[in-house]
Amino acid sequence: MTTEKDNLRTSIKEAIDSQKRPTVTVLSSLLAIQDSIGYIPEEAIEEVAVHSNTSINSVFGVASFYPNFRFTPPGEHSVEVCWGPTCHLKGSTEILEIVLAKLGLVSEGDTEDGKVSFRFNTCLGACSQAPVLSLDHELYGNVDSDMAEKLLGDLDQNKTTH
Ligand code: FES
């Protein structure tokens, strides 16, 4: 019988093996895993160590050096506000304040109920539509305060129906 832990390990190995690049490094493997399952569990550190023929300590050293890695599963919803130069100039401060207030957060992190993970992004790749917000990996451009209120309001509805 396969357990949840077995499935997690399989997903981790698949993420490591899916890298189509000439040089696979500890960092590239960790990025591939986080992209695939959303975080870096203990099992990922072990598998990357085996795959890279290095120690668990050195893999953990790399993982903990980069603030973008998370070690706990993300919330069911993700919200990112772009904080890059263009979005900043086009008013992302106000959007950020609205989002943080709606989520009851003061900075990056997970909501108290663990349902929503919020983070800053340095560029969501849609600068011409600044300010940009990402909700569950979907991009919204030219966001104004009303739109931010509405998007986060809809998320509240979603949260309660789950
Ligand atoms: S700076 Fe915000 S999308 Fe590029």
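Here is what the cut-offs are and how they apply
Residues numbered from 1 in each chain as written. Predicted model: local features only at pLDDT ≥ 70, side-chain atom pairs only at ≥ 80, totals over all residues. Helix = DSSP H or I, 4+ residues; strand = E, 2+ residues; numbered from the N terminus. Expected span 1.5 Å × (residues − 1). Buried ≥ 20, exposed ≤ 12 C-beta atoms within 10 Å, placed from the backbone. Arc of directions from axis to C-beta. Contact = placed C-beta atoms within 7 Å. Pairing = 2+ DSSP bridges. Axes fitted to C-alpha atoms, helices over the stretch in contact; angles between N-to-C directions. Parallel < 35°, antiparallel > 145°, perpendicular 65-115°, else oblique. Left-handed = near helix turned anticlockwise from the far one by under 90°. pLDDT = per-residue confidence, 0-100.

Caption draft 1: Fine view of helix α1 (residues 4–17). The first and last C-alpha atoms of α1 sit 20 Å apart over 14 residues, in line with the 20 Å expected at 1.5 Å per residue. Looking only at α1, the buried set comprises Ile-12, Ala-15 and Ile-16. Projected down its long axis, α1 carries its buried residues within an arc of 100°, all on one side. For α1, exposure combined with an orientation more than 90 degrees from the buried face picks out Asp-6, Asn-7, Thr-10 and Asp-17. Residues of α1 that are buried make contact with α2 (26–37) and α3 (42–52).

Caption draft 2: Looking closely at the sheet that holds strand β2 (residues 109–110). Ordered by their spatial adjacency, 5 strands build an open sheet running β2-β3-β1-β4-β5, and the pairing between neighbours is mixed. Each end of this open sheet is capped by a strand with a single partner; those strands are β2 and β5 (138–140). Pairing geometry for strand β1 (residues 77–82) and strand β3 (residues 116–121), over 6 bridges, is parallel. Along β3, the bridge assignment pairs Val-81 with Phe-120.

Caption draft 3: Summary view of the pairing of β1. Bridge count for β1 against strand β4 (residues 133–135) is 3 bridges, and the pairing is antiparallel. Across the sheet, Glu-80 pairs through a bridge with Ser-134, a residue of β4.

Caption draft 4: Expanded view of the packing of α3 against helix α4 (residues 56–65). Packing of α3 against α4 leaves a shortest axis separation of 8 Å and a crossing angle of 120°. Between α3 and α4, the angle is such that the two are oblique. With respect to the hand of their crossing, α3 and α4 are arranged in right-handed fashion. Contacts between α3 and α4 involve Ile-45, Glu-46, Val-48 and Ala-49 from the first element and Ile-56, Val-59, Phe-60 and Ala-63 from the second.

Caption draft 5: View of α2. End to end, α2 covers 17 Å across 12 residues, agreeing with the expected 16 Å (1.5 Å per residue, within 8%). Taken together, the buried positions of α2 are Ser-29, Leu-30, Ala-32 and Ile-33. Viewed along the axis of α2, the buried residues span an arc of 160°, placing them on a single side of the element. As for α2, its buried residues are in contact with α1, α3 and α4. Two residues or fewer after α2 comes Gly-38, characterised by a positive phi angle close to 90°.

Caption draft 6: Structural view of the pairing of β3. For β2 and β3, the ladder comprises 2 bridges, and the chain directions are antiparallel. Within β3, the residue paired with Gly-109 across the bridge is Phe-118. Between the antiparallel neighbours β2 and β3 lie 5 residues, among them Gly-114 with a positive phi of about 75°.

Caption draft 7: Quick peek at the confidence of the model for the protein. For the protein, per-residue confidence averages 92 on the pLDDT scale, and 96% of positions sit at 70 or higher. The lowest-confidence element of the protein is helix α7 (residues 145–161), averaging 79 in pLDDT; the highest-confidence one is α3, averaging 97.

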